[in-house]
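# Structure at a glance
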Amino acid sequence: MISNQTVLYTLVLSGLSDLPSLQLPLFLVFLLVYLMTLTGNLLIVLLICTDSHLQTPMYFFLGTLACLDMGYSSVTIPRMLFDFHTQERLISIQACITQIYFFLFFASSEISLLAVMSYDRYVAICHPLHYTQIMHWKACVLLVLGVLMVSVVYPLVHVLLLLKLTFCRLNPLQSFFCDLPQLLLVSCSDTFINVLLILILVILVGGGIFALTFCPYIIILNTIMKMQSKAMRSKAFSTCSSHLTVVFIFYGTGLFSYFHPNAKDHSAMDKVSSVFYTVLTPLVNPLIYSLRNEIMKISFKRSL
């Protein structure tokens, strides 16, 4: 039982800036970013659905990634825009836990799908003669359904433990959205189990997905280097470069935000890195795949 402490039902988000003069410019900037994110990813989905040349396993996964990007950005940006507009930055415990669930769902879905896309590139380059037999449509759909099922369960474990906590500290969350580590800091309950669970799942689930994403590229690069034709090597590199660029951006910004030495200081650099992996990554993904993919560019021109 908690004595001499007031149980909180509403939390405060620190946001990106406390300066009133910056609220409107930031609102307009992030509104533009959000609209561009939705437009770019929706355009990729429409191109893949309407162009028969793009209805292959690789573009099926790319279309799924575009859908996840739209959901991923919609978890944080609308709430951020609302806070810029009202300048209150208040959020209920229930809404905060709900945002954490969907944020973890889309984040885990994206990293799992990136691992599936690595496997797809591995089969296409290392076993091209068996590609259609291995990556048939039923297998692709089952892989995506498997990704979504794992991503539904993973955040649910964290949420069920969060619902048992009591929050009584007045410290504002040092972020512009509800992040799991930040929420644990304002709890007056014992969070040892929560922290231990985060550590175990990051090592087991996160480490496994990380290995499944990067290990195939060791074999892929070895196979590419053995190719006789320069044109074949160039084509193989081009199909992998876009995916690798997206992977490095997502993992790089996320790992920096959570694991750099000053992570406990909650400096402005933490918020900037959070903006990168929550806001800018869904924006640049369609740009990377569009600008570095000749088939996508041809399809776009044909549609115009």
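Every chain's residues receive numbers from 1 upward, in the order its sequence appears when written. With the structure being a predicted model, the display of local features is reserved for residues of pLDDT at least 70 and the display and counting of side-chain atom pairs for 80 or more, all residues being used for whole-chain, interface and lining totals. By convention in this description, side-chain values take in all heavy atoms of the structure and omit both hydrogens and water.

### Some details on the pattern of salt bridges
Rule in force here: Whenever Lys or Arg places a side-chain nitrogen within 4 Å of a carboxyl oxygen from Asp or Glu, that contact is recorded as a salt bridge. In this description a helix means any DSSP run of H or I spanning at least four residues, a strand means any run of E spanning at least two, and both kinds are numbered starting from the N terminus. Relative accessibility under 20% of the residue-type maximum defines a buried residue, over 50% an exposed one, and the middle range a partly exposed one, all with a 1.4 Å probe and only protein chains included.
For the structure shown, the criterion picks out 4 salt bridges. Its salt-bridge partner being Asp18, residue Arg89 comes within 2.8 Å of it at the nearest N-O pair. A residue pair is termed long-range when its members are at least 10 positions apart, and Arg89 in the loop between helix 2 (57-86) and strand 2 (90-92) and Asp18 in the loop between strand 1 (10-12) and helix 1 (20-50) qualify at 71 residues. Accessibility expressed as a relative area gives 16% for Arg89, which makes it buried. Asp18 sits in the exposed class, given a relative accessible area of 59%. Close ionic contact of Asp51 with Arg302 constitutes a salt bridge, the shortest N to O distance being 2.7 Å.

### Focus on the state of the cysteines
The criterion, for reference: Any two cysteine sulfur atoms lying within 2.5 Å of each other are counted as a disulfide.
In this structure the tally under the stated criterion is 2 disulfides. In this model Cys96 forms its disulfide with Cys178; the gap between the sulfur atoms is 2.0 Å. Between Cys96 and Cys178 the disulfide shows an S-S torsion of about -120°. By sign, it is left-handed. Of this pair, Cys96 sits in helix 3 (residues 93-126) while Cys178 is found in the loop between helix 5 (137-162) and helix 6 (180-185), placing the two residues 82 residues apart along the sequence. Classification of Cys96 as buried rests on a relative accessible area of 0%. Cys168 shares a disulfide with Cys188; S-S distance 2.2 Å. With a gap of 20 residues between them, Cys168 in the loop between helix 5 and helix 6 and Cys188 in the loop between helix 6 and helix 7 (192-225) connect regions that are remote in the sequence.

### Quick notes on helix 5
Here is the rule we go by: One less than the residue count of a helix, multiplied by 1.5 Å, gives the span that helix is expected to have. Whether two residues are in contact is decided by their heavy atoms: any pair within 4.5 Å suffices.
With 26 residues, helix 5 ought to run about 38 Å at 1.5 Å a step, and its terminal C-alpha atoms sit 38 Å apart, in line with that. Within the sequence span of helix 5, burial applies to Ala139, Cys140, Val144, Val147, Ser151, Tyr154, Pro155, His158, Val159 and Leu162. Those residues of helix 5 that are buried are in contact with helix 2, helix 3, helix 4 (131-134), helix 6 and helix 7.

### Some remarks on unusual backbone geometry
Peptide bonds are trans in most cases, and residues, glycine excluded, mostly fall at negative phi. Phi is positive for Gln87, which is not a glycine, with a value near 60°. In this fold, Gln87 is placed in the loop between helix 2 and strand 2. The partly exposed category is assigned to Gln87, whose relative accessible area is 42%. Non-glycine residue Arg89 carries a positive phi angle of around 60°.

### Looking at the UniProt feature "transmembrane region" (unreviewed entry) in the protein
Put simply, the rule is: UniProt positions are given in the numbering used here, feature names are shortened, and annotations may be inferred rather than shown by experiment.
Per the UniProt record, "transmembrane region" (unreviewed entry) is annotated on residues 26-47, 59-80, 100-119, 140-163, 192-219, 240-260 and 272-291. With 100% helix and 0% strand, residues 192-219 has end C-alpha atoms that lie 40 Å from one another.

### With respect to helix 2
Since the α-helix turns once every 3.6 residues, residues separated by three or four places project in the same direction. The condition is simple: Bend, at a single residue, is the angle you get between axes fitted to the 7 residues ending at that residue and the 7 residues starting at it.
Here helix 2 spans 44 Å end to end across 30 residues, near enough to the 44 Å set by a 1.5 Å rise per residue. For helix 2, the principal kink sits at Ser74 and spans about 35°; a proline, Pro78, occurs within the next four residues. Among the 30 residues that make up helix 2, 23 are buried, leaving the element largely enclosed by the rest of the structure. Among the residues trailing helix 2, Gln87 stands out with phi positive, at a value near 60°.

### Considerations on the environment of Leu31
Among the secondary structure elements, Leu31 is positioned in helix 1. For Leu31, a relative accessible area of 28% corresponds to the partly exposed category. C-alpha separation for the pair Leu31 and Met80, spaced 49 residues apart in sequence, amounts to 9.5 Å.

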